[in-house]
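Results of the structural survey
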Amino acid sequence: MNFEAYQGLPSASGGVAPDLVNAPMIRHWCEAMGDANPAYTGPDAVAPPAMLQAWTMGNSGRSEHFDALLRELEAAGYVSVVATDCEQEYLRPLRIGERVLFDAVIESVSGEKRTALGTGRFVTTRMDLRAYDEAAGEKPGEATPLGSHRFRILKFTPANRSDRSARPQGVDRQGADGQGVDGQPPLRPRPVVNRDNAGFWDGVTAGELRFQRCDDCGTARFPWLPGCNGCGSDRWHAEAAAGAGTVYSKVTVHHPVPAAFGKPYAVALVELAEGVRIVANVVGVPPEQVVIGMPVGLGFQRFDEELVLPVFHPAGSDRLPPLRVPVTRTLIVAGAIASRDYQDVHHDAELARAKGAPDIFMNILTTNGLVGRYVTDWTGPHARIESIAIRLGVPAYPGDELQFSGEVARRDGELVELAIRGTNRLGVHVSGTVKVRLQHSDEQKGEHA
Ligand code: ZN
């Protein structure tokens, strides 16, 4: 079947947002998200950027093309669906009184991919948004670009996940020569997960770097081993590293650089504050700037659909204070309604269970809103978020708690790129990148005018 033929066709009936940007909807959103940013209140209020798509909701149905594509994918055996990514780019602030216009297209349908969930195809839709100040008498023709919203789903045939060994190994895309196959980029080698080190990989899934500590003599050890080097005891417990370390030794791999790594890279032996040493990549700086004795901090990097590895950044790169958000039924329902997402799985537990979920779960726009709030809680009201690109992981159900953490991954003057993660009992719920301009020049002009 020629799924590619759908690329470029409308994914939704494009259109006009039903309401002007208004204070009540903004207030409902902020109440639902617990977002107290003063930039979103008062006479000069702007709309929370993460709210972008909420303005378009409720006045746009899926197009006949999108429905036809979904039917064809289902006929091909890709019967299940999961949302995987949400990327929003914000070109300018959106103010009260503006009218939002939007166009949505099917941007791409991927080739068949093997993922942790099963074999399937990624479908990416893209919405471009414009707005004009209708309250001030502007006409639709005067609308200026506002930003874009890209949304990716995976339509897949569920894999049989009976045990840990069923974790897809990715070898089909490595190829025997490590150069990749089928024109797809090669993947990094997969870790070998076994009985002795499974606790370490469970830790990575939960966003922790776990080492072992002997119950008898207290010696910390890494990598994971069945017995203690100090006293031979096989009694131990796992502890999570706090994340601080120093480079104990390093090499830069120049040649041959495996295709999956792309360019020369630094491999360091990092000594953690807890005393154990771990081999990992140091990222965020050119490899030649990684030197022995350098302080580093723990992060997690996603390399492909299924591989996340602990990595280290140069320390001193700021860390955001952690934020804990209780996942209540009220938060899930209020977030769904504030984002005008009336899908039953976000408010009706009975219907959610009928669709295979154990309970209602948080919608993506709420997750996106919480990420936006987490970032501006840290930056303060004068920063401007330029983009939020999130990857979705495990669902968030009532009774759980989301723990947000984040760090500065890159800094270029006022533009800061943050790596953000939100975890819960089931693992990583959301991970992604937020680009934020700490003090936008327009804002400064306004203040000094
Ligand atoms: Zn011991």
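Every value quoted in this text rests on a predicted model; they were computed, and no experiment measured them. (Residues numbered from 1 in each chain as written. Predicted model: local features only at pLDDT ≥ 70, side-chain atom pairs only at ≥ 80, totals over all residues. Heavy atoms only, no water.)

All right, on to the domain arrangement of the protein then. Looking at the assigned domains, one finds that the protein contains domain 1 (1-18 + 58-168), domain 2 (171-305) and domain 3 (320-449). Computed from C-alpha coordinates alone, the two centres of domain 2 and domain 3 are separated by 28 Å. Across the contact, nine residues belong to domain 2 and seven residues belong to domain 3. With both sides pooled, the region where domain 2 packs onto domain 3 buries about 600 Å², and carbon together with sulfur makes up 41% of that total. Among the residues of domain 2 in contact with domain 3, Thr 205, Phe 300 and Arg 302 are the three that bury the most area, contributing 48% of the side total. (Domains from an automatic or database assignment. Contact = heavy atoms within 4.5 Å. Buried area = accessible area lost by both parts, 1.4 Å probe.)

The topology assignment puts Thr 376 in helix 6 (residues 364-379). In this structure Thr 376 comes out as buried when scored by relative accessible area, which is 6%. (Helix = DSSP H or I, 4+ residues; strand = E, 2+ residues; numbered from the N terminus. Buried < 20%, exposed > 50% of the residue type's maximum accessible area, 1.4 Å probe, protein only.)

The next subject is the coordination of the zinc ion. Protein ligation of the zinc ion involves Cys 214 (SG), Cys 217 (SG), Cys 228 (SG) and Cys 231 (SG), the donor distances falling in the range 2.2 to 2.4 Å. In this structure, the zinc ion is surrounded by four donor atoms whose angles at the metal cover 104 to 114°, and the resulting shape is tetrahedral. Each donor residue of the zinc ion belongs to the same chain, with the gaps between them written as C-x2-C-x10-C-x2-C. Of the two residues, Cys 217 is situated in the loop between strand 7 (210-214) and strand 8 (220-221) and Cys 231 in the loop between strand 8 and strand 9 (236-240); the sequence distance between them amounts to 14 residues. A relative accessible area of 39% means that Cys 217 is categorised as partly exposed. (Donors = N, O, S within 2.8 Å, 3.2 Å for Na, K, Ca; no water. Tetrahedral: all angles 85-135°; square planar, octahedral: opposite > 155°, others 65-115°.)

Direction of pairing for strand 15 (residues 319-327) relative to strand 17 (residues 400-412): antiparallel, over a ladder of seven bridges. When the sheet's bridge partners are listed, Leu 323 is paired in strand 17 with Phe 404. Pairing of strand 17 with strand 18 (residues 415-424) involves nine bridges; the strand directions are antiparallel. Residue pairing across strands places Val 408 opposite Leu 418, the latter belonging to strand 18. Hairpin connection of strand 17 to strand 18: two residues between the antiparallel strands, including Gly 413 at a positive phi of 65°. (Pairing = 2+ DSSP bridges.)

With 62 residues, the main nonpolar core has Trp 55, Val 100, Phe 404 and Ile 420 as its most contacted residues. The biggest single contributor to this core is helix 1 (residues 23-33), with six residues. When residues of this core are assigned to domains, at least three fall in each of domain 1 (1-18 + 58-168) and domain 3 (320-449). Grouped together as the second largest cluster of nonpolar side chains are 26 residues, Leu 209, Ala 266, Ala 268 and Phe 300 included. (Core = buried A, V, L, I, M, F, W, Y, C linked by side-chain atoms within 4.5 Å.)

Looking now at the sheet that holds strand 11 (residues 265-272). The strand order across the open sheet built from five strands is 12-11-10-13-14, with neighbouring strands paired in antiparallel fashion. Among the strands making up the open sheet, the edge pair consists of strand 12 (277-281) and strand 14 (308-314). In this sheet, neighbouring strand axes are inclined to one another by 40° on average, regardless of whether the strands run parallel or antiparallel. Two elements, strand 10 (residues 244-253) and strand 11, share eight bridges in a ladder whose sense is antiparallel. Following the sheet pairing, Val 251 is matched in strand 11 by Val 267. Across the face of the sheet, helix 3 (residues 198-205) comes into contact with strand 13 (295-302) and strand 14 while running at roughly 70° to strand 14. (Axes fitted to C-alpha atoms, helices over the stretch in contact; angles between N-to-C directions.)

The next subject is helix 4 (residues 329-338). Owing to its 3.6 residues per turn, the α-helix brings residues three or four apart onto one side. Listing the buried residues of helix 4 in full gives Leu 331, Ile 332, Gly 335, Ala 336 and Ala 338. What you see down the axis of helix 4 is that its buried residues fit within an arc of 165°, all on one side. On its buried face, helix 4 sits against helix 1, strand 15 and helix 6. Arg 340 occupies a position one or two residues after helix 4 and carries a positive phi of about 55°. (Arc of directions from axis to C-beta.)

With respect to the secondary-structure elements, Arg 152 resides in strand 6 (residues 144-158). Residue classification places Arg 152 among the buried positions, given a relative accessible area of 19%. Once residues lying within four places of it in the same chain are set aside, the contact partners of Arg 152 are Val 82, Ala 83, Thr 84, Asp 85, Glu 87, Phe 122, Val 123 and Thr 124.

With that settled, the discussion passes to the packing of aromatic side chains. A full pass over the atoms with the stated rule returns six aromatic pairs. When the ring of Phe 361 is compared with that of Tyr 397, the centres are 6.3 Å apart and the planes differ by 85°; the resulting orientation is edge-to-face. With Phe 361 in the loop between helix 5 (349-354) and helix 6 and Tyr 397 in the loop between strand 16 (384-392) and strand 17, the pair connects residues that are 36 residues apart, well separated along the chain. What makes Tyr 397 buried here is its relative accessible area of 17%. Taking 5.6 Å as the distance between ring centres and 35° as the angle between the ring planes, the aromatic pair formed by Tyr 374 and Phe 404 counts as tilted. Of this pair, Tyr 374 sits in helix 6 while Phe 404 sits in strand 17; the two residues are 30 residues apart in sequence, bridging distant segments of the chain. The same class applies to Tyr 374 as to Phe 404, namely buried. What links up through ring pairs into an aromatic cluster is the set Phe 200, Trp 201 and Phe 222. Between Arg 188 and the ring centre of Phe 303, over which it is positioned, the NZ or CZ distance is 3.9 Å. (Phe/Tyr/Trp six-rings, centres within 6.5 Å; stacked < 30°, edge-to-face > 60°. Lys NZ or Arg CZ within 6 Å of the ring centre and 35° of its normal.)

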